[in-house]
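Understanding the architecture of this molecule
For reference, the chains in residue letters:
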Amino acid sequence: MNRPNIKFFNVETQEEIIREMNDEEYAQHLIDKEAAEFRAAEAAAKQAEIDAAKAAVHEKLSELGITPELIEVIKKL
Amino acid sequence: MAIDIIPGVGPQNSDIAAAVNAPSAATIASTVASSVPTLAQINTAVNTQTNNSAIATAVAGAVPTLAQITSTVQSNAGSPFGGTWTNLGSTNYNTNSVTISGLSSYRYLRFSFILNNGESNNYYIRLNGDTATNYLSVVQSTVGNPNSGAGPWSGRASLFYMSTVPNGAGHQRIGVLEIFGTNSGAYKTIAGETAFIDSGGYWSGRTFKGTWINTSAISSVTFLGDGGSAHSGTIWGQGAN
């Protein structure tokens, strides 16, 4: 399997090099990839928590007879 | 009229006349013409003097070329208080990362970038290839939800600089990134702003600030996609002292 390409640009010589990742760079790439997946999972979990909390609040308000439509009207007052 | 003094004795008039006879005007003119150089000969001699070419060579070596003058003016542009600005050039890329090196002689660095549309990812910076958790960053949205994307994030392995670009025709993310004190023996301060225009034509932006907890001079800056993913765009650089 081909490894991802990376680019180098030296401003002193204006030389540009594009090549595949070497072993060290590829190992770091896998670490970065795992960290990104972890962050995405963490963000998704946090969003799910927020959504659940919002749903709980709306349910409570509904029990009190305060519908989402009424809330929109109150916001505009 | 010559008078014969003693007829038949001594030089005769004709002898005297021959001895003292001055050259004729024609003879004089011919002699002058053959000994005095013509105007053409003088011009030729002057024009072929090696001194002229030597002078021209010396002048050419001492006077800067137009290209040299232009480069000096560009380098010094924007620095009325002294110091120098250097145009570092630009690079287009479509790779998992792009590393810009050769930066250690500058005290201040500025990078301007355009990310191509369709990039749906976050982007990060590493300095000198440092992958340790030496970066702190804060991102603040300037439009919409002010809490969106807010940090601070400490102890990260890279510095956040740009968030998702909408996937759609004509969308491009633009930004400017500044790094201060890049060759100082102190921690480095990074600041920047990115912006894009959404599908409704509304401007949306982020400002970000960060610190690299390292006192080494910055020799390279790496821009990479989240998780090392590929992204494409163009980066322009400037350095100043």
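Relevant structure appears above.
The structure presented is a predicted model; accordingly, all values stated were derived computationally and were not measured.

Helix and strand content of chain B: five helices and 12 strands. Per-residue burial over chain B gives 34% buried out of 241 residues. Sequence-distant contacts, at least 24 apart, represent 71% of the contacts inside chain B between residues at least 6 apart. Summed over all atoms, the accessible surface of chain B reaches about 13,100 Å², with 59% contributed by carbon and sulfur.

This brings us to the nonpolar core. Nonpolar side chains tend toward joint burial in soluble globular proteins. Among the nonpolar cores identified, the biggest contains 31 residues, and Phe 111, Leu 127, Val 221 and Phe 223 of chain B are the most heavily contacted of them. Contacts of Val 221 of chain B, omitting those with residues within four sequence positions, involve Val 98, Thr 99, Ile 100, Leu 103, Phe 111, Ile 125, Arg 126, Leu 127 and Ile 179 of chain B.

Further remarks concern the pairing of strand β1 (residues 5-10) of chain A. Here β1 of chain A pairs with strand β2 (residues 15-20) of chain A via six bridges, running antiparallel. Counted as the bridge partner of Phe 8 of chain A is Ile 17 of chain A from β2 of chain A. Between β1 of chain A and β2 of chain A, which pair antiparallel in sequence order, lie four residues; one of them, Gln 14 of chain A, sits at a positive phi of approximately 60°. Bridging between β1 of chain A and strand β2 (residues 97-101) of chain B involves four bridges; their strand directions are parallel. Across the sheet, the residue bridging to Asn 10 of chain A is Ser 101 of chain B, located in β2 of chain B.

What follows covers the pattern of salt bridges. All names here are of chain A. Summed over the entire model, instances satisfying the criterion amount to six salt bridges over all chains. For Glu 16, the salt bridge identified is with Lys 7, shortest N-O distance 3.3 Å. The class of Lys 7 is buried, set by a relative accessible area of 4%.

Moving on: the packing of aromatic side chains. All names here are of chain B. Counted under the stated rule, the structure contains five aromatic pairs over all chains. For the ring pair Trp 85 and Tyr 108, a centre distance of 5.7 Å and an interplane angle of 85° mean the geometry is edge-to-face. Of this pair, Trp 85 sits in strand β1 (residues 85-95) while Tyr 108 sits in strand β3 (residues 108-115), placing them 23 residues apart in sequence. Tyr 108 shares its class with Trp 85; the two are buried. One aromatic cluster in this structure is built from Trp 85, Tyr 108 and Phe 180.

Take a nonpolar patch on the surface next. All names here are of chain A. Taken together, the side chains of Leu 70, Val 73, Ile 74 and Leu 77 present a nonpolar region at the surface, about 420 Å² in accessible area. Structurally, the position occupied by Leu 77 is in the segment after α2 (68-75). Under the relative-accessibility criterion, Leu 77 is labelled exposed at 84%.

The subject of this paragraph is the interface of chain A and chain B. Chain A puts 19 residues into the contact, and the matching count from chain B is 23 residues. Summed over both sides, the interface between chain A and chain B buries roughly 1,600 Å², with carbon and sulfur atoms accounting for 48% of that surface. Looking at the side of chain A facing chain B, the largest losses of area belong to Lys 7, Phe 9 and Val 11 of chain A, adding up to 38% of the total buried there. Inspection of the chain A/chain B interface yields one salt bridge. We note a salt bridge from Arg 126 of chain B to Asp 32 of chain A, for which the minimum N-O separation is 2.7 Å. Our count for the contact surface shared by chain A and chain B stands at 12 residue pairs in polar contact (both at pLDDT 80 or more). Among the elements of the structure, β1, β2 and α1 (23-63) of chain A are those that each provide at least two residues to the side of chain A that touches chain B.

If a strand is regular, its side chains alternate between the two faces of the sheet. All names here are of chain B. The alternating pattern of strand β8 (residues 173-180) places Arg 173, Gly 175, Leu 177 and Ile 179 on a buried face, while none of Ile 174, Val 176, Glu 178 and Phe 180, on the opposite face, is buried. Looking at chain direction, β8 and strand β9 (residues 188-197) are connected through seven bridges and run antiparallel. From the neighbouring strand, Val 176 faces β9, where its bridge partner is Glu 193.

Here the phi dihedral of Gln 14 of chain A falls at roughly 60°; this positive angle occurs in a residue that is not glycine. On the basis of relative accessible area, Gln 14 of chain A is assigned to the partly exposed category, the value being 42%.

The next subject is the environment of Ile 190 of chain B. All names here are of chain B. With respect to the helices and strands, Ile 190 occurs in strand β9. Ile 190 sits 29 residues away from Tyr 161 along the chain, and the two C-alpha atoms are 9.6 Å apart. Dropping the residues within four chain positions of it, Ile 190 is found in contact with Leu 127, Leu 159, Leu 177, Glu 178, Ile 179, Phe 208, Lys 209, Gly 210, Thr 211 and Trp 212.

Residue and element names in this part refer to chain B. Within the secondary structure, Ser 158 is located in the loop between β6 (153-156) and β7 (159-162). Classification of Ser 158 by relative accessible area gives buried; the value is 11%. Beyond its immediate stretch of four places on either side in the chain, Ser 158 contacts Tyr 124, Ile 125, Arg 126 and Tyr 135.

Criteria and cut-off values
Residues numbered from 1 in each chain as written. Chains lettered and ligands numbered in written order. Predicted model: local features only at pLDDT ≥ 70, side-chain atom pairs only at ≥ 80, totals over all residues. Heavy atoms only, no water. Helix = DSSP H or I, 4+ residues; strand = E, 2+ residues; numbered from the N terminus. Buried < 20%, exposed > 50% of the residue type's maximum accessible area, 1.4 Å probe, protein only. Contact = heavy atoms within 4.5 Å. Areas by Shrake-Rupley, 256 points an atom, 1.4 Å probe, with all protein chains shown as cover. Core = buried A, V, L, I, M, F, W, Y, C linked by side-chain atoms within 4.5 Å. Pairing = 2+ DSSP bridges. Salt bridge = Lys/Arg side-chain N within 4 Å of Asp/Glu carboxyl O. Phe/Tyr/Trp six-rings, centres within 6.5 Å; stacked < 30°, edge-to-face > 60°. Patch = residues over 30% accessible without salt bridge, like charges linked within 9 Å, V, L, I, M, F, W, Y side chains within 5 Å. Buried area = accessible area lost by both parts, 1.4 Å probe. Polar contact = N/O pair within 3.5 Å; in protein donor to acceptor, adjacent residues only side chain to side chain.

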